[in-house]
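# Structural overview
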Amino acid sequence: MPSQYDVIIIGSGPAGGAAASRLAAQHLRVALIERELVGGECAYWACVPSKTLLRPTAARAEAGRVAGLDRPRQDWARVAAYRDYMIRYLDDTTQIEDYRDEGVEVYKGDGRITGPREVQVGDRALSTERIIIATGSDPAIPPIDGLAEAGYWTNRQATTLKQLPESIVVLGGGPVGVELGQFLARFDVKVALVQGEDRLIPREEPAVGELVAAALEADGIDLHLAAKAESVTRREGVCHVKLSTGRELQGAELLVATGRRARVHDIGLESVGIEPSARGVEVDERCRAADGVWAIGDVTGVMQFTHVGMYQGRIAAQDIAGEDVRASYHAIPRVVFSDPEIAAVGMTAAQAREKGIELASSRIRLREAITRPWTYEQDPRGELGLLADRQRQVLVGAWAVAPLAGEWIHQAALAIKTEVPLAVLRDTVAQFPTFSEAYLKGVEALEPAQ
């Protein structure tokens with residue numbers, strides 16, 4: 001007889017984990033299936049190790065910008081040791097025990113849906129009233145001639161490396177490429193970064209890409225924009241990457257950071273009538289994918305962020321509990337933990353125009369508008385951009401490239417989420433001196449977008 005559960009969750013990353021804990025708190029019998037390490041990509045190979053590795057290099061650079069301080073010495077061995085501690089030495093024993101303490105039954109193995117209320121894990125058959133798909137995503141590997149034969153890194157090898165390479169070619173100018181490229185460059189690795197589009201971080205405003213490019217070049221990164229890798233060969237231990245521009249780059253290693261694809265294959269979607277789209281498993285506002293089936297996290301392709309996956313896990317658990325909930329994604333913050341940080345929320349100008357919104361916009365240099373940047377560092381950096389709907393008189397988008405931008409972008413996120421009138425934002429008093437004071441200056445500077 002199959003083991004019976006109220007809910008079976010396939011995938012134990014932040015999305016699946018958030019749903020499991022909430023459902024167990026509802027006193028439901030929950031099974032959590034994981035084919036690798038309980039905790040998922042974020043905890044072991046992505047968000048946690050990458051931000052851990054970035055912090056020492058950022059702190060060192062910040063020290064060099066502060067009056068009266070010199071840059072401290074870097075110690076790669078100690079940084080790597082702390083990274084290993086943060087990723088739990090790739091050991092999920094404690095996480096499994098924690099879930100079991102909550103009443104969640106953990107199964108290690110490949111989970112596959114075999115019917116509307118049936119899941120197979122290895123030779124174990126499980127039955128349930130509800131299935132949650134939280135299988136995450138895999139690196140998207142471009143079809144480049146010779147790439148497989150030459151060998152390459154993904155984020156996994158880059159975030160768990162033991163020895164720093166002398167040089168590396170990074171393919172991709174999105175968040176992963178920018179973060180890991182900067183981390184490596186600041187540890188004296190020779191970095192060349194190749195981006196197919198004509199700017200970095202292309203999902204954001206063009207101004208963001210310009211500012212980020214300047215920061216990376218200041219760190220010595222060799223940028224190749226509007227260029228694509230056409231072929232890769234490895235000769236005598238060195239990767240040779242031929243570009244569409246005719247240039248050839250060389251690196252001891254090659255990092256592929258060209259995005260991620262939803263993990264939808266070989267999990268039995270067809271057995272419950274689900275046909276995934278190009279971006280993943282389509283879901284409604286309640287994260288429902290089919291009768292008795294929910295999907296959450298990267299596998300949905302909605303927004304591949306850890307915090308979105310956790311949010312969707314909460315939505316699915318509340319929906320299962322019978323609550324009237326609807327997911328909304330219009331005020332989700334997007335942060336790249338480079339130095340300076342990149343933060344954005346809401347729409348870009350192009351997205352707003354597609355919706356027919358009459359825009360007012362502003363872009364301010366923080367050093368010219370507020371005091372905090374000068375107390376934070378010498379030769380202050382940073383800009384803030386705002387987009388407002390002229391008819392409704394509310395913010396619809398914001399971006400910042402500045403120190404700690406990932407912390408103070410949430411003021412804009414809340415304003416966009418709750419549609420705070422611009423008049424209220426103009427009358428809001430921020431603590432002096434803080435970066436948040438920039439919002440008043442930005443709102444006061446709003447002009448009709450060209």
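Above this note sits the structure.
In what follows, the accompanying structure is described.

This part covers the overall build of the protein. Of regular secondary structure, the protein possesses 17 helices and 23 strands. Whereas a compact globule of 450 residues would reach a radius of gyration of roughly 22 Å, the protein reaches 23 Å, a difference of no more than 12%. Principal axes of the C-alpha set define a box for the protein whose edges measure 70 × 65 × 40 Å. Here the contacts in the protein between residues at least 6 apart in sequence split such that 64% fall between residues at least 24 apart.

Right, let's talk about the sheet that holds strand β21 (residues 383–389) for a bit. The strand order across the open sheet formed by 6 strands is β18-β19-β22-β21-β20-β23, and the pairing between neighbours is antiparallel. If you trace the sheet from one side to the other, it starts and ends with β18 (334–336) and β23 (447–448), each paired once. In this sheet, β21 lies alongside strand β20 (residues 359–365) in antiparallel orientation, the contact comprising 7 bridges. Bridge assignment links S361 to a residue of β21, and that residue is L387. The sheet strands contacting helix α9 (residues 206–218) are β19 (341–346), β20, β21 and β22 (394–402), and the helix crosses β22 at an angle near 10°.

Within β21, 7 of the 7 residues are buried, which leaves the element mostly enclosed by the surrounding structure. Going residue by residue along β21, you find E383, G385, L387 and D389 tucked away on one face and L384, L386 and A388 tucked away on the opposite face as well. Sheet topology note: the β21/β22 ladder contains 7 bridges and is antiparallel. The partner of A388 across the bridge, within β22, is L395. The turn linking β21 back onto β22 is made up of 4 residues, and Q393 within it adopts a positive phi angle of 60°.

This brings us to the sheet that holds strand β9 (residues 190–195). Strand order in the open sheet formed by 4 strands is β10-β9-β8-β14, and the pairing between neighbours is parallel. Each of the sheet's edge strands pairs with one partner strand only, and the pair in question is β10 (222–225) and β14 (253–256). Here the strands of the sheet are splayed against their neighbours by 15° on average, with no regard to which way each runs. Strand direction decides the pairing type here: strand β8 (residues 167–171) and β9, joined by 5 bridges, are parallel. Bridge pairing links V170 to L193 in β9. Of the strands in this sheet, β8, β9 and β14 are in contact with helix α8 (residues 175–185), which crosses β9 at around 165°.

Another point: the side chain of N155. With respect to the secondary-structure elements, N155 resides in helix α7 (residues 155–159). Looking at N155, its side chain comes within polar contact range of the side chain of E41, at 3.0 Å. A polar atom in the side chain of N155 sits 3.2 Å from the side chain of R260. Apart from residues lying up to four places away in sequence, N155 is in contact with E41, W45, A46, P139, V176, L180, L255 and R260.

Now for the pattern of salt bridges. What the rule picks out here adds up to 32 salt bridges. A salt bridge links D339 to R186, with the nearest nitrogen and oxygen atoms 2.9 Å apart. Placement of D339 in the loop between β18 and β19 and of R186 in the loop between α8 and β9 is noted, with a sequence separation of 153 residues between them. Accessibility expressed as a relative area gives 8% for D339, which makes it buried. The exposure class of R186 is buried, given its relative accessible area of 12%. For R234, the salt bridge identified is with E253, shortest N-O distance 3.9 Å. Here the residue R234 occupies a position in strand β11 (residues 229–235), and E253 occupies one in strand β14, the gap between them amounting to 19 residues. Judged by its relative accessible area of 32%, R234 falls in the partly exposed class. The class of E253 is partly exposed, set by a relative accessible area of 22%. Through salt bridges with shared partners, one network takes in R65, R186, D219, D339, E377 and R381.

For the rest of this paragraph, the subject is a negative patch on the surface. On the surface, a cluster of negative charge is made up of E97, D98, D101 and E102. Take E97: it is sitting in helix α5 (residues 93–102).

Moving on to helix α1 (residues 14–25). With 12 residues, α1 extends 17 Å between its outermost C-alpha atoms, agreeing within 8% with the 16 Å of an ideal straight helix rising 1.5 Å per residue. Along α1, the residues that are buried comprise A15, G16, G17, A18, A19, A20, L23 and A24.

Following the criterion strictly, the structure yields 10 aromatic pairs and no others. Centroid distance W408 to F435: 5.7 Å. Interplanar angle 5°. Geometry classified as stacked. On the criterion of sequence distance, the pair formed by W408 in helix α14 (residues 405–408) and F435 in the loop between α16 (422–426) and α17 (438–444) is long-range, its members being 27 residues apart. With a centroid separation of 6.0 Å and an interplanar angle of 80°, the aromatic rings of W408 and Y439 are classed as edge-to-face.

So, about the nonpolar core. What tends to happen in soluble globular proteins is that the nonpolar side chains get buried as a cluster. The biggest cluster of nonpolar side chains holds 35 residues, and the ones touching the most others in it are W76, I168, F183, V191, L200, L216 and L255. Listing elements by their share of this core, those giving two or more residues are α3 (47–65), α4 (76–86), β8, α8, β9, α9, β19 and β22. Setting aside anything within four residues of it in sequence, one finds W76 in contact with L53, L161, K162, Q163, L164, F183 and F187. With 31 residues, the next largest nonpolar core counts A331, L366, L422 and Y439 among its residues.

Conventions we followed
- Residues numbered from 1 in each chain as written.
- Predicted model: local features only at pLDDT ≥ 70, side-chain atom pairs only at ≥ 80, totals over all residues.
- Heavy atoms only, no water.
- Helix = DSSP H or I, 4+ residues; strand = E, 2+ residues; numbered from the N terminus.
- Rg over C-alpha atoms; globule rule 2.2 N^0.38 Å.
- Contact = heavy atoms within 4.5 Å.
- Pairing = 2+ DSSP bridges.
- Axes fitted to C-alpha atoms, helices over the stretch in contact; angles between N-to-C directions.
- Buried < 20%, exposed > 50% of the residue type's maximum accessible area, 1.4 Å probe, protein only.
- Polar contact = N/O pair within 3.5 Å; in protein donor to acceptor, adjacent residues only side chain to side chain.
- Salt bridge = Lys/Arg side-chain N within 4 Å of Asp/Glu carboxyl O.
- Patch = residues over 30% accessible without salt bridge, like charges linked within 9 Å, V, L, I, M, F, W, Y side chains within 5 Å.
- Areas by Shrake-Rupley, 256 points an atom, 1.4 Å probe, with all protein chains shown as cover.
- Lys, Arg positive; Asp, Glu negative; His and termini not counted.
- Charge placed at Lys NZ, Arg CZ, Asp CG, Glu CD.
- Expected span 1.5 Å × (residues − 1).
- Phe/Tyr/Trp six-rings, centres within 6.5 Å; stacked < 30°, edge-to-face > 60°.
- Core = buried A, V, L, I, M, F, W, Y, C linked by side-chain atoms within 4.5 Å.

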